[in-house]
Amino acid sequence: RDDDDINDVASMAGVNLNEESARIMATNSDLVGTQTQSCKDEPFLAAIPLHKRILETAKKLGITDVPAEVVTFISHATQNRLRAVLEKVTVITQHRMESYKDDEWYEQATDVRSQLKFFEQLERLEKQRKDEHEREILLKAAKSRSRQEDPEQARLKQKAKEMQQQELAQMRQRDANLTALAAIGPRKKRRLDAPGLLSIGGEGVGLCGGSQGLGTASPRQYPRQKITRVNLRDFIFYMEQEREMSHSLLLYRALLK
């Protein structure tokens with residue numbers, strides 16, 4: 001008995017095995033005596049159309065009988081394949097949408113948007129310079145008082161008159177818009193911390209008629225779930241990375257769209 005007491009680790013640690021067993025049985029009493037069985041195996045695809053397609057393909061290879069287990073296996077394989085494809089494409093889409101502007105471990109090397117804005121500004125300045133040059137020519141043609149005018153001079157005078165009328169109409173339209181905006185007055189935006197909405201315990205409570213009392217509580221606002229939108233470019237990138245699809249006809253058709 002002395003040797004058993006020395007070798008009994010539980011008794012040396014002060015643990016009573018009988019009490020622990022009774023406590024475990026009391027805690028998991030609802031699980032004792034219960035039976036566990038697997039769920040019903042439901043195929044991912046419709047069994048009847050899939051079986052017909054498999055039979056049509058099998059007849060070309062000389063197979064006349066395809067058991068139901070094969071249909072179920074192919075259905076589950078299709079489900080796993082589709083799940084894997086969606087997971088990979090979702091990761092590609094998330095990488096595409098991820099922004100590194102605020103990350104301190106990355107620095108911006110090129111800024112295409114600023115370059116495009118610079119070129120657009122150059123084009124706008126060039127167009128403005130050409131318009132001013134053309135306007136000076138038309139104004140000179142309109143001020144000329146030569147008695148013998150050629151058809152080109154008459155055309156320039158007519159164009160200058162039309163340009164002046166167009167500028168006058170634009171000025172009148174601009175003055176009318178400013179007058180209408182002044183009559184309407186500045187637009188007032190409702191502030192989020194306006195007295196018409198109180199926040200009590202994280203929920204919004206509206207006020208009915210100012211001091212008449214508290215109204216009914218507004219419904220709780222749940223956070224909007226972030227939606228990952230996958231486009232055709234993501235699928236094309238995925239197919240280009242896959243070995244079995246990088247030279248497929250499906251990728252070629254997707255590139256033509």
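Preceding block: the structure.
Remember, predicted model here, so these are calculated numbers, not experimental data.

Concerning helix α8 (residues 232-241)
When α8 is considered as a whole, its buried residues turn out to be D234, I236, Y238 and M239. In this fold, the buried residues of α8 make contact with α5 (68-97) and α9 (249-256).

Here's the deal with the nonpolar core
Counting 9 residues, the largest nonpolar core is built from V85, V89, I92, I236, Y238, M239, M245, L251 and A254. Counting residues per element, the ones that place at least two in this core are α5, α8 and α9. The contacts of I236, once residues within four sequence positions are left out, are L251, A254 and L255.

Here we look at helix α4 (residues 47-60)
The terminal C-alpha atoms of α4 lie 20 Å apart, and with 14 residues this matches the ideal 20 Å at 1.5 Å per residue to within 8%. L50, I54 and A58 are the residues of α4 that are buried. The arc enclosing the buried residues of α4, seen along the axis, measures out at 70 degrees, which places them on a common side. Across α4 from its buried face, at more than 90 degrees, point the exposed residues I48, K52, R53, E56, K59 and K60. If you follow the buried residues of α4, they end up packed against α5. Positive phi shows up at G62, right after α4, with a value of about 85 degrees.

Considerations on a nonpolar patch on the surface
Nonpolar side chains collect at one region of the surface, where F44, L82, L86, V230, L232 and F235 lie side by side and expose about 470 Å² of accessible area between them. Elements with a contribution of two residues or more to the nonpolar patch: α5 and α8. Turning to its location among the elements, F235 is positioned in helix α8.

Regarding the packing of α5 against α8
The geometry of α5 relative to α8 is characterised by a closest axis approach of 9 Å and an angle of 115 degrees between their N-to-C directions. It follows from the interaxial angle that α5 and α8 lie roughly perpendicular. Relative to α8, α5 is oriented so that their crossing is right-handed. Where α5 abuts α8, its residues R81, V85, K88, V89, I92, T93 and R96 lie against D234, F235, F237 and Y238. Broken down by class, the residue content of the contact of α5 with α8 amounts to 6 nonpolar, 1 polar and 4 charged.

Conventions adopted
- Residues numbered from 1 in each chain as written.
- Predicted model: local features only at pLDDT ≥ 70, side-chain atom pairs only at ≥ 80, totals over all residues.
- Heavy atoms only, no water.
- Buried < 20%, exposed > 50% of the residue type's maximum accessible area, 1.4 Å probe, protein only.
- Helix = DSSP H or I, 4+ residues; strand = E, 2+ residues; numbered from the N terminus.
- Contact = heavy atoms within 4.5 Å.
- Core = buried A, V, L, I, M, F, W, Y, C linked by side-chain atoms within 4.5 Å.
- Expected span 1.5 Å × (residues − 1).
- Arc of directions from axis to C-beta.
- Patch = residues over 30% accessible without salt bridge, like charges linked within 9 Å, V, L, I, M, F, W, Y side chains within 5 Å.
- Areas by Shrake-Rupley, 256 points an atom, 1.4 Å probe, with all protein chains shown as cover.
- Salt bridge = Lys/Arg side-chain N within 4 Å of Asp/Glu carboxyl O.
- Axes fitted to C-alpha atoms, helices over the stretch in contact; angles between N-to-C directions.
- Parallel < 35°, antiparallel > 145°, perpendicular 65-115°, else oblique.
- Left-handed = near helix turned anticlockwise from the far one by under 90°.
- Nonpolar A, V, L, I, M, F, W, Y, C, P; charged D, E, K, R; others polar.

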